[in-house]
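Structural overview
The residues making up each chain are set out below.
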Amino acid sequence: MRTLVPFGPSNPLTRLAAVLSPAERRQFADAMLADVLRTVRAAGGDPVVLATEPVDADAPVVVDDRDLSTAVEAAIGGETAVVMADLALATPDALERLYEARGDVVVAPGRGGGTNALVVRHDGFELDYHGASYRAHRENAARVGATVEEVDSLRLGTDIDEPGDLVDLLLLGDGRAVDWLRDAGFRVREADGRAVAERE
Ligand SMILES: Nc1nc2c(ncn2[C@@H]2O[C@H](COP(=O)(O)OP(=O)(O)OP(=O)(O)O)[C@@H](O)[C@H]2O)c(=O)[nH]1
Ligand SMILES: C[C@H](OP(=O)(O)O)C(=O)O
């Protein structure tokens, strides 16, 4: 399935600014993008990077500097998946479940109310990313009479946004992003019975 992978490489991952420098955030974002592209291909998908500026990537790149929802809506055509570039825990199995779910709209919600992955098979469906986009996308589907299927997946539901997400990647990840984190000195430490990510 054609799979758009939105990517904003200019000052990415600002919620990780407390633990990564601007240059490190860009390197880490690139590593996660590479992992997502590889996983999309392994699931049988056909990735297209939808970026705000030209980037080097192992996939065709479409450049559109308009806001995320406008750019995704313009790039969708026919049956299209949208998989965020910060889903560094995504596996081929999880993406296959997304592709195989029926429904005019298929949503994999992210923790905190986001829409981490989508399949759109309905012409009238409007995109509304940021904020509680999961809720907005369900409402937008209902408005145009589109059926919605939800994919309940830890690996699609865990986007890497905040320092607290890094422990999930260190424990469950398997790719360039987790290698980058380890090379940067991040380790899992147990503190008061909880696992936390810490930089050496
Ligand atoms: N094409 C495009 N992709 C975007 C844009 N904004 C964010 N993205 C991508 O959409 C996905 C989810 O966005 P966020 O979680 O907000 O990522 P981010 O902007 O790097 O991180 P924050 O600065 O912490 O919000 C990531 O893959 C981003 O690279 C945009 O304006 N255009
Ligand atoms: C783009 C946005 O990502 P988040 O900021 O929730 O990670 C969303 O999923 O609507």
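Looking up the protein chain in an unreviewed UniProt entry gives the name 2-phospho-L-lactate guanylyltransferase, with the organism given as Halocalculus aciditolerans. Listed in UniProt under the heading Catalytic activity (unreviewed entry), the comment for the protein chain reads: "(2S)-2-phospholactate + GTP + H(+) = (2S)-lactyl-2-diphospho-5'-guanosine + diphosphate". Under the UniProt heading Sequence similarities (unreviewed entry), the note attached to the protein chain is "Belongs to the CofC family."

Okay, the site of ligand 1 next. Close to ligand 1 lie 14 residues; Gly8, Leu13, Thr14, Arg15 and Leu50 are nearest. Glycine 8 places a main-chain nitrogen or oxygen 2.9 Å from an oxygen atom of ligand 1. One of the side-chain nitrogen or oxygen atoms of arginine 15 is found 2.8 Å away from an oxygen atom of ligand 1. Protein chains bury 83% of the 620 Å² of accessible surface belonging to ligand 1 in isolation. Among the residues forming the shell around ligand 1, the class breakdown is 8 nonpolar, 3 polar and 3 charged.

Evaluation of the coordinates by the stated rule reveals 11 salt bridges. With its nearest N and O atoms 3.5 Å apart, the salt bridge here joins arginine 15 to aspartate 161. Placement of arginine 15 in the loop between strand S1 (2-7) and helix H1 (22-42) and of aspartate 161 in the loop between helix H5 (154-157) and helix H6 (166-172) is noted, with a sequence separation of 146 residues between them. Across the salt bridge formed by arginine 111 and aspartate 165, the nearest N and O atoms sit 3.0 Å from each other. With arginine 111 in the loop between strand S5 (105-109) and strand S6 (115-120) and aspartate 165 in the loop between H5 and H6, the pair connects residues that are 54 residues apart, well separated along the chain.

Turning our attention to the site of ligand 2. Taken together, the residues surrounding ligand 2 are Arg15, Leu68, Gly114, Thr115, Tyr129, His130, Ser133, Asp159 and Asp161. Between ligand 2 and the protein, one listed contact pairs an oxygen atom with a side-chain N or O atom of aspartate 161 at 3.2 Å. Protein chains shield 85% of the accessible area of ligand 2, which is 300 Å² for the free molecule. Across the shell around ligand 2, the residue classes tally to 2 nonpolar, 4 polar and 3 charged.

Conventions adopted
Residues numbered from 1 in each chain as written. Chains lettered and ligands numbered in written order. Predicted model: local features only at pLDDT ≥ 70, side-chain atom pairs only at ≥ 80, totals over all residues. Heavy atoms only, no water. UniProt positions renumbered as here; feature names shortened; annotations may be inferred. Near = heavy atom within 4 Å. Polar contact = N/O pair within 3.5 Å; in protein donor to acceptor, adjacent residues only side chain to side chain. Areas by Shrake-Rupley, 256 points an atom, 1.4 Å probe, with all protein chains shown as cover. Nonpolar A, V, L, I, M, F, W, Y, C, P; charged D, E, K, R; others polar. Salt bridge = Lys/Arg side-chain N within 4 Å of Asp/Glu carboxyl O. Helix = DSSP H or I, 4+ residues; strand = E, 2+ residues; numbered from the N terminus.

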